[in-house]
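These are the residues of each chain, in order.
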Amino acid sequence: MTTALDRIHRPATARAVRRLRLRPDGALTPLGPKAVRLTAPIGALNLSDLAPGAMAAVAALAAAEQTEEELAALVAARDGDAGLLRWQLTRRRLGTVGLLEHSVHLVGDGTGPDDGTGPGNGTGTGTGAAADEPLARLRPVGRGAAEPGPTPDPTGQVKLSRFASAAVEDGALLVRAPGSPLAVQLTTRAAGLLAALADWTSPAALAQLPGGLPLEAVRQTLRLFAAAGLLAYGAPGAEPEAEEQRFAQWTAADLAFHSRTRRPTSVAGYGGTYRFGDRFAPEPASPAPFPGAKVTLPVPDLDELARADRPFTEVLEQRRSVRDHDEQAPITLAQLGELLYRSARRRQTFTGGDGQELADRPYPSGGAVHELELYPLVTSCAGLEPGLWHYATDRHELELVSAPSPATAQLVKSARESSLMQADPQVVLLVTARFGRVMWKYETVAYPLVLKHVGALYQTLYLVGTAMDLAVCGLGGGDAADFAAASGLDYFTEGTVGELVIGSRPAALRQDVGVPRAPRREARR
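Here is a short report on the structure shown in this document. None of the values given here were measured: they were computed from a predicted structure. (Residues numbered from 1 in each chain as written. Predicted model: local features only at pLDDT ≥ 70, side-chain atom pairs only at ≥ 80, totals over all residues. Heavy atoms only, no water.)

Turning to the packing of helix α3 (residues 68-79) against helix α4 (residues 82-96), a few remarks are in order. Remark: α3 packs on α4, axes separated minimally by 8 Å, with the N-to-C direction vectors making an angle of 135 degrees. With respect to their mutual orientation, α3 and α4 come out oblique. Pair α3 / α4 crosses with right-handed handedness. Each of E68, L71, A72, V75, A76 and D79 in α3 lies in contact with α4, whose residues at this interface are A82, G83, L84, W87 and R91. Classifying every residue of the contact of α3 with α4 by side-chain character gives seven nonpolar, one polar and three charged. (Axes fitted to C-alpha atoms, helices over the stretch in contact; angles between N-to-C directions. Helix = DSSP H or I, 4+ residues; strand = E, 2+ residues; numbered from the N terminus. Parallel < 35°, antiparallel > 145°, perpendicular 65-115°, else oblique. Left-handed = near helix turned anticlockwise from the far one by under 90°. Contact = heavy atoms within 4.5 Å. Nonpolar A, V, L, I, M, F, W, Y, C, P; charged D, E, K, R; others polar.)

Below, the structure is given as structure tokens:
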């Protein structure tokens, strides 16, 4: 009679099994008795002149996960041993173009310990394995070869890269490294490896963890980690990621953002893919108007400005970040209106071929989406009450969003401290993005496009402000949560992506904040 105690100490027959399949977002289309077409988000591959066994093997990969041995048996049964070499070339081709997924399973009879406390010591005496328990999967998420890396030595030192990141996607835990076209999907049983790999260790040590995996399962899972670039370079005491400047200067978040947006092969979709085109309608060019008071702004005479403005080269060379404002003669409503009109007014609205309402403004915008909005937060402006205002680019008017409040005071305080000003700035010009305007069309590059647009708007405001003899200073950061509190707008729908301080320029500038003196000229009359 077998007792529970016998079951706890009886070695289980759990073993690591490697399988592969065609990526599930792909499709197989027969093209004839000897040819098929494989399609996936990364592209398509035609396989022709396939022998019967090879055709059966490809069909099996599309239907379910297979071991290499099962595939070889399918081929050998129909094509003989001579067909195996041709099959290996075909199978390698599938992996090279990123059409395969590889997985590691723990297969056993379930007779190991059932209390979850047994150590995985490499003999299969970990927790009782289910008949077939998936552990990890190597998933192509971009365009590139998808093949497991080398099998690590049991006593070799391994560590998770400090650049690796984990996220939930489509109900699965995926671990990725910046720039890699591959990710590793982990199940609950294997997810504990992440914490254990936070410092240098070995496959053998990982297999000894309480409730851990058998040694061979650990080694096969680490092969997937290596293929996806998740393991650190170097060895204990010699870690390039931490010691060499080219690696040390990057945070994980910064490198992930840079790599994801500047390496198109690391993602499935890049550019104008319209990934939300069949789920949501495009947002209009104009946001809903605010219900507060409206102030119609005077329209400047562009023909007169063209005659009176300084030459472009002079304006460009005299552009400076000016952090001083003339408290005795603050910026006027007419000056603020002219700055906004010349920099950001909407000159035209039209409908694109994709049905999205597009716009034209003085500064460029990818796809003419023009998602940026401007919110002057006024503390001192002749002719305009203090408060948070929205600039309606289509109507050239200001709408009151909020009267002065503790929330707006926090925004002013942050801008003053960031710009090293001694007094509150006359106007904090808050730049927001209506994210859906960009993200409805663009994939992966949407937020980088927003930041590029902010840079274009910054320079436009700087040059117009310089031509007008105003003080302009762009800020390097701000708190979008503070703006959400002050405006009442949803953080995820529209949020700040830039800030500038604007005001009247004094005759003499402080020289204690690292701003070189620019030549002064008489103010235009």
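Back to the text.
Turning next to the sheet that holds strand β14 (residues 372-378). Reading across the sheet, the seven strands line up as β11-β16-β15-β14-β17-β20-β19 and stay open at both edges, with antiparallel pairing between neighbours. Every interior strand has two partners, whereas the edge strands, β11 (294-296) and β19 (470-475), have only one. Shown here is a sheet whose adjacent strand axes are inclined to one another by a mean of 30 degrees, direction ignored. Sitting on the sheet, helix α17 (residues 480-487) is in contact with β14, β15 (387-392), β16 (397-402), β17 (427-434) and β20 (494-504), with an inclination near 90 degrees to β15. (Pairing = 2+ DSSP bridges.)

A word on the pattern of salt bridges. Here the structure, examined in full by the defined rule, presents 26 salt bridges. The salt bridge partner of E216 is R219, with a shortest N-O separation of 3.4 Å. Placement of the pair is E216 and R219 together in helix α7 (residues 215-227), with a separation of three residues, close to one helical turn. Look at E216 and you get partly exposed, because its relative accessible area is 34%. (Salt bridge = Lys/Arg side-chain N within 4 Å of Asp/Glu carboxyl O. Buried < 20%, exposed > 50% of the residue type's maximum accessible area, 1.4 Å probe, protein only.)

Another point: the nonpolar core. One finds L372, L384 and L398 to be the most contacted residues of the largest nonpolar core, which totals 44 residues. Taken together, the elements giving at least two residues each to this core come down to α13 (333-344), β14, β15, β17, α15 (435-439), α16 (446-467), β19 and β20. If one sorts the elements of this core by residue count, α16 sits on top with nine residues. Apart from the residues within four sequence positions on either side, L398 is in contact with A293, K294, V295, L297, L333, L336, L340, P376, L384, W389, H390 and Y391. Membership of the second largest hydrophobic core comes to 30 residues, among which are L186, L194, A207 and L224. (Core = buried A, V, L, I, M, F, W, Y, C linked by side-chain atoms within 4.5 Å.)

As a further point, take the sheet that holds strand β9 (residues 182-186). The antiparallel open sheet is built from six strands, whose spatial order is β1-β5-β6-β9-β8-β7. In this open sheet, the two strands that pair with only one neighbour each are β1 (15-22) and β7 (165-169). Across this sheet, the average inter-strand angle for adjacent strands is 25 degrees, counted without regard to direction. Relative to strand β8 (residues 172-176), β7 runs antiparallel, the two sharing five bridges. The residue of β8 that forms the bridge with A166 is V175. With respect to the sheet, helix α5 (residues 188-196) is in contact with β5 (100-107), β6 (133-140), β8 and β9, its orientation differing from that of β9 by roughly 115 degrees.

What follows deals with the layout of surface pockets. Roughly 970 Å³ of volume is contained in the largest pocket. In terms of lining, the largest pocket is formed by 37 residues, of which the most central are V141, E169, R176, R260 and V267. Listed by contribution, the elements that provide at least two residues to the lining of the largest pocket are β6, β7, β8, α10 (252-262), β18 (442-443) and α16. The biggest single contributor to the lining of the largest pocket is α10, with five residues. In terms of residue class, the lining of the largest pocket is built from 19 nonpolar, eight polar and ten charged. Put simply, the second largest pocket is a space of about 360 Å³. If you trace the second largest pocket, you find 20 residues lining it, with A177, P178, G229, Y233 and L255 closest to the centre. Where the lining of the second largest pocket is concerned, the elements lending two or more residues are α7 and α10. A per-element tally of the lining of the second largest pocket places α10 first, with four residues. Of the residues contributing to the lining of the second largest pocket, the split by class is eleven nonpolar, six polar and three charged. (1 Å grid on protein atoms, 1.4 Å probe; cavity = no way out; pocket = protein on both sides within 12 Å on 5 of 7 lines; lining within 4 Å. Points joined across faces, edges and corners; volume = space filled by probe spheres on them.)

What follows is about a nonpolar patch on the surface. Residues F257, Y447 and L451 make up a contiguous nonpolar surface patch of about 250 Å² in total accessible area. Within the element layout of this structure, Y447 appears in helix α16. What makes Y447 partly exposed here is its relative accessible area of 34%. (Patch = residues over 30% accessible without salt bridge, like charges linked within 9 Å, V, L, I, M, F, W, Y side chains within 5 Å. Areas by Shrake-Rupley, 256 points an atom, 1.4 Å probe, with all protein chains shown as cover.)

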